Amino acid sequence: MKQIFMMVLLPFFFAVGMRAQTQQTGVVNNGDYVYDYDDNMKYRITEVSDDDPYKVYVALDGFIDAGDTRKDLNIKSSFISASGDNVYHYIVSTIGEGAFRGNTTIECVHVHIGCMVIGVSAFQNCTALKKVYYETASSTGGFTRSIGDYAYAGCTSLSSYEMSGDEKRIGKGAFQGCKGLKDFSIHEKVDTIGDDAFWGCTGLTAISLPATLKEIGSGCFRHCDALTTITFASGFAVDGLPSLMFSDCGNLSEVTIPSCVKTLGENCFNSCSKLSVVHLQEGLQEIGDFCFSQCAGLTKVEIPGSVEFLRRGAFQECGNLANVKFLGDHVKSIGAACFYDTQVENITLPYGLESLGYDKDGANSGNPLFSHVHDMVVPSTVQTIGKLVGSESGDNINSVKFLGSTPPELAPNCYMASDLNVYVPQGAMEAYTNKFSTTNVRSLSSAEYSFTQRKIHLWNHLRAALWRLYRRHRETLYREECQRQHCATDREDRRKVGTGCPLHIQKMCRLYGSERVVCRSGEL
């Protein structure tokens, strides 16, 4: 029995002996903990320098005693501590994952040079935290490069955050729910903003997106209720704004989309109830599902000639939208319910349109394409139609005129009210009768129209060409005047618009994207 007992305990004693020996020799390894009892801080070793074995990088993992009630947290840049016979220089390069999560007493955090990463959830739900600031710049160390996912999420009292100037990444949900945050300057080195990064920052009033940005996460400024100003820096080059990016920003009234943006994601500006002015630039190709849905302030919108796709419900339930103009004839698809529950009564659909009231993936919305259009003319290029009208009363639509001699394909639940007047070209009556036999339409009429589809096409094309010429002429005039004001037109010599330029030049500099003119004389 005694022998069995010794056999069981022998490995335990051996392990204890090895651990004691390691501590005596003072060897440190990744994952080991270092304790600073004077400051009540614990650190975890993350890296031992290859060049200097006594130079060790550590992550701050929080308080030793969780009952610490200090209000000001001064994070060291480094400290010296002995281990066995060796003395190590510990460099605090990271604030570890969840290091101070849920703390309710810390009000101010001072981050010193050398702390390169604010870890995941490092200060999440620190409800008393009001201010975070960084040590003054120095040549002896680097600044924070990354703000981790949910690093400051739920810090409802945070009102002031001064970025270090070296950050490249703002993580997912990094400032989510920071309701007290009013001013936040994203500097020119940031290249990534994660999903929901500023979601629910209801006090944020203005945001400027730098030219260095390469990746923007979905919903990053969603529910920023006080947001009134969005500025895209000169040289901004991201080709798509993601889904839900500015959704539910209830006080946003005006926005200008840069010409580099090709895609507006689904729900990008959904429920921005006060949004009344939207400047869409040439270069935009796709407006995503429900992008401007429920923007009650919109009364008119101009669709640039470069746009090819208006997706499902793009302007659905914009209750005051009455004027829609297509500035070109490149639109291939207008999705289901795109203009449902708007005040649009007259609209000229562009020639070249292939799909009308039908979703990109084949799905068909329960809501009709329009609510109040009186007379709709369907170009001959349309190949597929979905639900154009809804109720038996035709939703105030009096007639639909098809210009093509070949009837379009019908969506699975395509619906046209029985009292709707449907007109088709002469000679195409039989083809349309057979095609529409499954709908509620009781009778079709053939008629010679006072216009032809060719005339419609030429008019649309001419209108778009004239608009492009006008913009090009205006840009040329502004460029010449800007040159006379000693300003720069070279894209490589890009700086902020100078105060030496006239106000209308400054305005023009912000409107033009890829051809934007910029001034040399000073900075705003």
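What you are looking at is a predicted structure, and each value in this text was computed from that prediction instead of being measured. (Residues numbered from 1 in each chain as written. Predicted model: local features only at pLDDT ≥ 70, side-chain atom pairs only at ≥ 80, totals over all residues. Heavy atoms only, no water.)

## Things to note about the overall build of the chain
Check the secondary structure of the chain and you find four helices and 32 strands. Pairs at least 24 residues apart make up 46% of the contacts formed inside the chain by residues separated by at least 6 positions. A total of about 24,500 Å² of accessible surface is found on the chain, and carbon and sulfur atoms cover 48% of it. (Helix = DSSP H or I, 4+ residues; strand = E, 2+ residues; numbered from the N terminus. Contact = heavy atoms within 4.5 Å. Areas by Shrake-Rupley, 256 points an atom, 1.4 Å probe, with all protein chains shown as cover.)

## Notes on the sheet that holds strand S21 (residues 286-287)
The eight strands are arranged S17-S19-S21-S23-S25-S26-S28-S30 in an open sheet whose pairing can be described as parallel. Two strands bound the open sheet, and with one partner strand each, they are strand S17 (240-241) and strand S30 (409-410). As defined by bridge partners, strand S26 (residues 355-356) adjoins strand S28 (residues 384-385) across two bridges and the pair is classed as parallel. Each residue of the ladder has a partner; that of leucine 356, found in S28, is isoleucine 385. (Pairing = 2+ DSSP bridges.)

## Looking at the packing of aromatic side chains
Throughout the structure, instances matching the rule amount to 26 aromatic pairs. With a centroid separation of 5.4 Å and 45 degrees between ring planes, the pair formed by tyrosine 54 and tyrosine 88 is classed as tilted. Of this pair, tyrosine 54 sits in the loop between strand S2 (41-48) and strand S3 (55-63) while tyrosine 88 is found in strand S6 (residues 86-95), placing the two residues 34 residues apart along the sequence. A relative accessible area of 5% places tyrosine 88 in the buried class. Seen in terms of ring centroids, tyrosine 152 and tyrosine 161 are 5.1 Å apart; in terms of plane orientation they differ by 70 degrees. Their pairing is edge-to-face. Assigned by exposure class, tyrosine 152 and tyrosine 161 land together as buried. The side chain of lysine 131 reaches across the aromatic face of tyrosine 133, ending 5.1 Å from its centre. (Phe/Tyr/Trp six-rings, centres within 6.5 Å; stacked < 30°, edge-to-face > 60°. Buried < 20%, exposed > 50% of the residue type's maximum accessible area, 1.4 Å probe, protein only. Lys NZ or Arg CZ within 6 Å of the ring centre and 35° of its normal.)

## Here we look at the pairing of strand S27 (residues 375-378)
Looking along a regular strand, one sees the side chains alternate between the two faces of the sheet. Across the two faces of S27 the burial differs, with Met376 and Val378 buried and Asp375 and Val377 not buried at all. Here four bridges tie S27 to strand S29 (residues 399-402), and the two strands are oriented parallel to one another. Across the sheet, residue valine 378 finds its bridge partner in S29, namely phenylalanine 402.

## Brief notes about the environment of leucine 275
You can see leucine 275 is positioned in the loop between strand S19 (263-264) and strand S20 (277-279). Assessed through its relative accessible area of 0%, leucine 275 is described here as buried.

## A closer look at empty space enclosed by the protein
All chains considered together, the criterion is met by one cavity of 30 Å³ or more. Approximately 30 Å³ is the volume found for the largest cavity. Lining the largest cavity are Val378, Pro379, Ser380, Val382, Phe402, Leu403, Gly404, Thr406, Pro408 and Tyr432. The class makeup of the residues in the lining of the largest cavity is seven nonpolar, three polar and no charged. (1 Å grid on protein atoms, 1.4 Å probe; cavity = no way out; pocket = protein on both sides within 12 Å on 5 of 7 lines; lining within 4 Å. Points joined across faces, edges and corners; volume = space filled by probe spheres on them. Nonpolar A, V, L, I, M, F, W, Y, C, P; charged D, E, K, R; others polar.)

## Things to note about the nonpolar core
With 121 residues, the main nonpolar core has Phe123, Tyr152, Phe175, Phe292 and Phe315 as its most contacted residues. In this structure, phenylalanine 175 is in contact with Ile147, Tyr152, Ala153, Leu158, Tyr161, Ile170, Leu181, Phe184, Ala197, Phe198, Trp199 and Cys201, ignoring residues within four places of it in sequence. (Core = buried A, V, L, I, M, F, W, Y, C linked by side-chain atoms within 4.5 Å.)

## Let's talk about the pattern of salt bridges
Considering all chains together, one arrives at 12 salt bridges under this definition. As a salt-bridge pair, lysine 76 and aspartate 36 come within 2.7 Å of each other at their nearest N and O atoms. Within this pair, whereas lysine 76 is found in the loop between strand S4 (72-75) and strand S5 (78-83), its partner aspartate 36 is found in strand S1 (residues 33-36), the two being separated by 40 residues in sequence. Under the relative-accessibility criterion, lysine 76 is labelled partly exposed at 30%. Taking the relative accessible area as the measure of exposure, aspartate 36 reaches 10% and is therefore buried. Across the pair glutamate 409 and lysine 435 runs a salt bridge whose closest N-O atoms are separated by 3.2 Å. Of this pair, glutamate 409 sits in strand S30 while lysine 435 is found in helix H2 (residues 429-435), placing the two residues 26 residues apart along the sequence. Taking relative accessible area as the criterion, glutamate 409 reaches 47% and is therefore assigned partly exposed. Look at lysine 435 and you get partly exposed, because its relative accessible area is 24%. Within this structure, Asp39, Asp68 and Arg70 form a network of salt bridges that share partners. (Salt bridge = Lys/Arg side-chain N within 4 Å of Asp/Glu carboxyl O.)

## Section: a negative patch on the surface
Together, Glu47, Asp50, Asp51 and Asp52 line one region of the surface with negative charge. With respect to the helices, strands and loops of the structure, aspartate 52 is situated in the loop between S2 and S3. (Patch = residues over 30% accessible without salt bridge, like charges linked within 9 Å, V, L, I, M, F, W, Y side chains within 5 Å. Lys, Arg positive; Asp, Glu negative; His and termini not counted. Charge placed at Lys NZ, Arg CZ, Asp CG, Glu CD.)

## What to know about the sheet that holds strand S7 (residues 108-111)
The strand order across the open sheet formed by four strands is S4-S7-S9-S11, and the pairing between neighbours is parallel. For this open sheet the edge positions go to S4 and strand S11 (160-161), each flanked by a neighbour on one side alone. Note that S7 and strand S9 (residues 131-134) share four bridges and pair parallel. Each bridged residue has a counterpart across the sheet, and for histidine 110 the counterpart in S9 is tyrosine 133.

## Details of the state of the cysteines
Applying the stated rule across the entire model yields zero disulfides. Here cysteine 126 stays free of any disulfide, with the sulfur of cysteine 155 as its closest cysteine sulfur at 5.1 Å. For cysteine 126, a relative accessible area of 1% corresponds to the buried category. Of the cysteine sulfurs around cysteine 318, a residue in no disulfide, the closest is that of cysteine 295, at 5.0 Å. (Disulfide = S-S within 2.5 Å.)

## Points about the pairing of strand S22 (residues 300-303)
The two faces of S22 differ: Val301 and Ile303 on one face are buried, but Lys300 and Glu302 on the other face are not. As paired strands, S22 and strand S24 (residues 323-326) are joined by four bridges and run parallel to one another. Following the sheet pairing, lysine 300 is matched in S24 by asparagine 323.

## Topic: a nonpolar patch on the surface
Taken together, the side chains of Tyr33, Tyr35, Tyr37 and Ile64 make up a nonpolar region of the molecular surface, amounting to roughly 440 Å² of accessible area. Relative to the elements of secondary structure, isoleucine 64 occurs in the loop between S3 and S4. With relative accessibility at 32%, the residue isoleucine 64 sits in the partly exposed group.

## Here we look at unusual backbone geometry
The residue phenylalanine 290 is not glycine, and still its phi comes out positive at about 55 degrees. Among the secondary structure elements, phenylalanine 290 is positioned in the loop between S21 and S22. The backbone phi angle of alanine 337 is positive, close to 55 degrees, even though this residue is not glycine. Structurally, alanine 337 can be placed in the loop between strand S25 (333-334) and S26. Taking the relative accessible area as the measure of exposure, alanine 337 reaches 0% and is therefore buried.

It is worth stressing that arrangement in space is one thing and function is another; only the former is reported here.
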